[in-house]
Amino acid sequence: MEYTVKTLLKEVNSSYKHPGDERIRAISEHLIEQMYNTIVKFDVSHDEMWAFLKWMNELGKANQAGLLAAGLGIERLLDILADEKEKQKGITTGTARAIEGPLYVPGAPLEKKFARIDDGTQKGEVLIMEGDVFGPNGERIPHALVEVWLADQEGTYSIINPAQTPYNNRRKIEADEKGHYGFRTLVPPGYSVPKDSPTQKVLDLLGREGNRPAHIHFMVSAPGYEQLTTQINMPGDKYIDEDFAFATRDPLIVTVEKVNDPKMLAQYDLKEPYAHIKFNFTLHQG
Ligand code: MBD
Ligand code: FE
């Protein structure tokens, strides 16, 4: 048994006819070995293997490979490793990174300085978020690009959910000459993995839940600086310490201020109190 598995592994991991890609080969060889070991260790049956393969195809058809990766902590792992590399280079300042998640799409409309980014079709608590973009030496970064994306009041994202208007709650905001950016939307709820989905199926089998606390995603960039991918978390969410994607980070839990000063309301043409978040981003040198 031991001998035949080893022989098969050797054969598979040396069945090369063309140069291929060295790194992919090395990773693939390692993965195949670990898969074989797992199958042997758990005496996996033919039926179990076919159930798994069918589920993999469902996962792909549902476009949920990225969702599963987040749920298995793989995106968080890459962030931990990136943090570690920075620490070794002596970089310990700057805004904490957080996972991109599977729901980013490129191509969001570009706006200058301040934009309303929800499409106005839903009711909810208005949120004004603003702040400044800085470099590592405290310098303001004029015209830094702040790309933002977040869920609507139902907890879904535009494009991914084609029922929403395209690019609802997705924008590139070019900061002004002082690095100031701002936007208006609605305070987002959390996110839950879709019921009856392949990802939820595996979470059920693990006895896990698929909830993310309320959050807003950002990619912040400027020439000469390293792009920052991060999120902010709304404080007090009941899932803040039970994020399905393991991505809550203390420095990214913001303070939300309730504004009901009539002068401030008038400035945004609002009649109801709104939520306000001030959050600055600090980038590393590129
Ligand atoms: C999300 O909104 C998200 O940010 C992640 C990481 C996974 C699923 C939904
Ligand atoms: Fe998200």
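Draft legend 1. Representation of the coordination of the iron ion (ligand 2) within the structure. At 2.0 to 2.1 Å from the iron ion (ligand 2) lie its protein donor atoms, namely Tyr 157 (OH), His 215 (NE2) and His 217 (NE2). Read in sequence order, the donor residues for the iron ion (ligand 2) give the motif Y-x57-H-x1-H. Note on His 217: relative accessible area 4%, which makes it buried.

Draft legend 2. Geometry of the pairing of strand β4 (residues 145-149). Of all five residues making up β4, four are buried, and the element is well covered by its neighbours. Sheet topology places β4 next to strand β5 (residues 170-174); five bridges connect them, and they run antiparallel. Its bridge partner being in β5, Trp 149 is matched across the sheet by Arg 170. Across five bridges, β4 lies against strand β9 (residues 215-221) in antiparallel orientation. Each bridged residue has a counterpart across the sheet, and for Trp 149 the counterpart in β9 is His 217.

Draft legend 3. Examining the site of ligand 1 more closely. Lining the immediate surroundings of ligand 1 are Leu 67, Ile 99, Gly 101, Pro 102, Leu 103, Tyr 157, Tyr 191, Arg 212, His 215 and His 217. A distance of 2.8 Å separates an oxygen atom of ligand 1 from a polar atom in the side chain of Tyr 157. Arg 212 places a polar side-chain atom, nitrogen or oxygen, 2.7 Å from an oxygen atom of ligand 1. Protein coverage of the free-state accessible area of ligand 1, which is 260 Å², stands at 100%. Mapping ligand 1 onto the cavity grids shows that it belongs to the largest cavity. Each residue belonging to the shell around ligand 1 can be placed in one class, and the counts come to six nonpolar, three polar and one charged.

Draft legend 4. Summary view of the nonpolar core. With 32 residues, the main nonpolar core has Met 129, Tyr 181, Ile 216, Phe 218 and Phe 281 as its most contacted residues. Where this core is concerned, the elements lending two or more residues are β3 (126-134), β4, β6 (180-186), β9, β10 (228-233) and β12 (274-278). Excluding its chain neighbours within four sequence positions, the residues that come into contact with Met 129 are Tyr 181, Gly 182, Phe 183, Ile 216, Phe 218, Ile 232, Ile 277, Phe 279 and Phe 281. Counting 15 residues, the second-largest nonpolar core is a separate cluster that includes Tyr 104, Tyr 191, Val 193 and Met 219.

Draft legend 5. Geometry of the pairing of β6. Burial analysis of β6 places six of its seven residues in the buried class, the great majority of the element. Bridge count between strand β2 (residues 114-116) and β6: three bridges; the pairing is parallel. In the sheet register, Arg 116 faces β6, and the bridge partner there is Arg 184. Two strands pair when backbone bridges link them, and β3 and β6 are joined in this way by seven bridges, in the antiparallel orientation. Each residue of the ladder has a partner; that of Ile 128, found in β6, is Arg 184.

Draft legend 6. Summary view of the layout of surface pockets. Roughly 540 Å³ of internal volume is contained in the largest pocket. If you go around the largest pocket, you meet 14 residues; those closest to its centre are Phe 52, Trp 55, Met 56, Leu 68 and Val 202. If you list the elements that add at least two residues to the lining of the largest pocket, you get α3 (46-61) and α6 (198-206). Among the elements that take part in the lining of the largest pocket, α3 stands out by supplying seven residues, more than any other. Classifying every residue of the lining of the largest pocket gives eleven nonpolar, no polar and three charged. Quantified by volume, the second largest pocket comes out at close to 470 Å³. Lining the second largest pocket are Leu 31, Gln 34, Met 35, Tyr 36, Thr 38, Ile 39, Phe 42, Val 44, Glu 48, Met 49, Phe 52 and Leu 53. Considering every element that reaches the lining of the second largest pocket, the biggest residue donor is helix α2 (residues 22-41), with six residues.

Rules used in this analysis
- Residues numbered from 1 in each chain as written.
- Chains lettered and ligands numbered in written order.
- Predicted model: local features only at pLDDT ≥ 70, side-chain atom pairs only at ≥ 80, totals over all residues.
- Heavy atoms only, no water.
- Donors = N, O, S within 2.8 Å, 3.2 Å for Na, K, Ca; no water.
- Buried < 20%, exposed > 50% of the residue type's maximum accessible area, 1.4 Å probe, protein only.
- Helix = DSSP H or I, 4+ residues; strand = E, 2+ residues; numbered from the N terminus.
- Pairing = 2+ DSSP bridges.
- Near = heavy atom within 4 Å.
- Polar contact = N/O pair within 3.5 Å; in protein donor to acceptor, adjacent residues only side chain to side chain.
- Areas by Shrake-Rupley, 256 points an atom, 1.4 Å probe, with all protein chains shown as cover.
- 1 Å grid on protein atoms, 1.4 Å probe; cavity = no way out; pocket = protein on both sides within 12 Å on 5 of 7 lines; lining within 4 Å.
- Sits in = over half its atoms within 2 Å of the grid points.
- Nonpolar A, V, L, I, M, F, W, Y, C, P; charged D, E, K, R; others polar.
- Core = buried A, V, L, I, M, F, W, Y, C linked by side-chain atoms within 4.5 Å.
- Contact = heavy atoms within 4.5 Å.
- Points joined across faces, edges and corners; volume = space filled by probe spheres on them.

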